[in-house]
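The lines below spell out each chain.
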Amino acid sequence: MGIEVVVEGLTKSFGKQSIWRDVSLTLPAGEVSVMLGPSGTGKTVFLKSLIGLLKPEQGRVLINGVDMVNSPERDIYETRKLFGLMFQDGALFGSMSLFDNIAFPLREHTRKKESEIRRIVMERIEVVGLLGAEGKLPGEISGGMRKRAGLARALVLDPQIILCDEPDSGLDPVRTAYVSQLLIDLNAQLDATMLIVTHNLDIAATVPDNMGMLFLRELVTFGPREVLLTSDEPVVSQFLGGRREGPIGMSEEKDAATLAAEAGAAPAVPAAPRVIVPQLEPSPGLPPRKAVARRRERVLGMIDTLPPAARTAIRETYARDSRAATLPMPAAGSGA
Ligand SMILES: Nc1ncnc2c1ncn2[C@@H]1O[C@H](COP(=O)(O)OP(=O)(O)OP(=O)(O)O)[C@@H](O)[C@H]1O
Ligand SMILES: [Mg+2]
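Residues numbered from 1 in each chain as written. Chains lettered and ligands numbered in written order. Predicted model: local features only at pLDDT ≥ 70, side-chain atom pairs only at ≥ 80, totals over all residues. Heavy atoms only, no water.

An unreviewed UniProt entry annotates the protein chain as ABC transporter ATP-binding protein originating from Streptomyces parvulus.

**Structural notes on helix 4 (residues 114–127)**
Heads up, the condition is: Counting from the N terminus, the helices are DSSP H or I runs at least four residues long and the strands are E runs at least two residues long. Given a helix with a known number of residues, its expected span is that number minus one, times 1.5 Å. Here's how the labels work: a residue is buried when its accessible area is under 20% of the maximum for its type, exposed when over 50%, partly exposed in between, all with a 1.4 Å probe on protein chains only. Whether two residues are in contact is decided by their heavy atoms: any pair within 4.5 Å suffices.
With 14 residues, helix 4 should cover 20 Å at 1.5 Å per step; its first-to-last C-alpha distance of 20 Å lies within 8% of that length. Of all the positions in helix 4, only Ile117, Ile120, Val121, Met122, Arg124 and Ile125 are classed as buried. Buried residues along helix 4 sit against helix 3 (98–109) and helix 5 (143–155). Following helix 4 by one or two positions, Gly129 adopts a phi angle in the positive range, close to 75 degrees.

**Quick word on the nonpolar core**
Nonpolar side chains tend to gather and get buried jointly when the protein is soluble and globular. Rule in force here: Think of a nonpolar core as a cluster: buried Ala, Val, Leu, Ile, Met, Phe, Trp, Tyr and Cys residues, connected wherever their side-chain atoms sit within 4.5 Å.
Core analysis: the largest hydrophobic core is formed by 52 residues, its most contacted members being Leu36, Val121, Leu151 and Met213. If near-sequence neighbours (up to four positions away) are discounted, Leu36 is found in contact with Lys43, Thr198, Ala204, Met211, Gly212, Met213, Leu214, Leu228, Phe239 and Leu240. Grouped together as the second largest cluster of nonpolar side chains are 30 residues, Met35, Phe46, Met68 and Leu85 included.

**What about the sheet that holds strand 2 (residues 17–27)?**
Put simply, the test is: One bridge is not enough; two strands pair if DSSP finds at least two bridges between them. Every angle, taken between N-to-C directions, lies between 0 and 180 degrees, and every axis is a line fitted to C-alpha atoms, over only the stretch in contact when it is a helix.
In space, the 4 strands of this open sheet follow the order 2-1-4-5, with antiparallel pairing throughout. Two strands bound the open sheet, and with one partner strand each, they are strand 2 and strand 5 (66–67). As defined by bridge partners, strand 1 (residues 5–14) adjoins strand 4 (residues 58–63) across 4 bridges and the pair is classed as antiparallel. Each bridged residue has a counterpart across the sheet, and for Thr11 the counterpart in strand 4 is Gln58. Of the strands in this sheet, strand 1, strand 2 and strand 4 are in contact with helix 1 (residues 43–50), which crosses strand 2 at around 60 degrees.

**Focus on the side chain of Arg295**
Threshold: For this analysis, a polar contact is any N or O atom pair within 3.5 Å, provided that within protein one partner can donate a hydrogen and the other can accept it, and provided that sequence-adjacent residues contribute only side-chain to side-chain pairs.
In this fold, Arg295 is placed in helix 11 (residues 291–302). For Arg295, the side chain forms a polar contact with the side chain of Tyr318, separated by 3.0 Å.

**Focus on the site of ligand 1**
Put simply, the rule reads: Neighbouring residues are identified by heavy atoms, a residue being near a molecule or strand if any of them is within 4 Å of it. Here, Shrake-Rupley sampling with a 1.4 Å probe gives the accessible areas, and only protein chains in the shown set may cover a residue. Think of it as three bins: nonpolar holds Ala, Val, Leu, Ile, Met, Phe, Trp, Tyr, Cys and Pro, charged holds Asp, Glu, Lys and Arg, and polar takes everything else, Gly as well.
As a matter of local geometry, ligand 1 sits amid 13 residues, with Ser39, Gly40, Lys43, Thr44 and Gln88 nearest to it. If ligand 1 stood free it would expose 640 Å²; the protein chains cover 63% of that surface. Of all the elements in the fold, those that place two or more residues in the shell around ligand 1 are strand 2 and helix 1. It is helix 1 that provides the largest number of residues to the shell around ligand 1, a total of 3 residues. Grouping the amino acids of the shell around ligand 1 by side-chain chemistry returns 3 nonpolar, 8 polar and 2 charged.

Put into structure tokens, the structure is as follows:
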């Protein structure tokens, strides 16, 4: 089962350039979370910090008692094996076949026999829909296929924590919908803790249990998906609405100046109310996601701490679920 990832007070800069400050959040065990944020806000840097490839100056990332920032390097190295990371650019070796690319972590990190490696690699290749392409070089396949190969490679070590950096970039809407379904299906099969970085509003709306957003060197918010989806923070509604009007500009300087101007101006015109669409379910034939029941208990336990709009949305979601009887319900009359 997935493992909780606790991030406390994480702060990262490169030289004089501050990337983000004091980021705290918990990725609940086995749940799917999404991190949104405009380009350049440090989402990739955040993922790399979680697995200890980059070192924040302050804060902790706790996984099974190991701090991926400050623990001894050999503990970090061991804990890193729990992760599967799908890089933004695929990061495949251009001179290796897809098979060899996907087999690479097994050959590097395990002493498995070649026959066993072959079995695992072919299984993952099938999961991501690349059967038949295993002999091809990365340069001979489409961008979408490379993405899926990167995902297959992230899966070979049976990760309990899966990080995906923009699984949708460069994909058409139909392929993106397949990737969304694939992510939910993986979660149902593995019960792994997942964090997906994306700009894609369809993924944000349909895939995660939890959602957060990085903007102007801060974590704007992180919590149950309903919190972000009902938020009336200008930056959040601009991003989710895909609008030009709002604090996010083409450059970071513009962002800061616009925010300062808005602080003194009249409140922005409220955005049209956003509809929360149902979260994707695993494909037929797969087991239900174990995280669903855990998440329900967790979110209902914290509901009084959430903003009113989020509370209403969560109650509606669970009432709809119980009407559809997709969840095992404890007793009659609850959840409505
Ligand atoms: N190794 C590094 N050394 C110095 N600066 C870096 C390094 N890695 C990233 N940066 C800087 O950190 C900032 C955040 O980069 P990052 O790649 O995390 O953004 P992002 O949110 O993932 O953007 P995008 O959505 O475009 O992928 C950028 O200004 C980048 O130039
Ligand atoms: Mg990035």
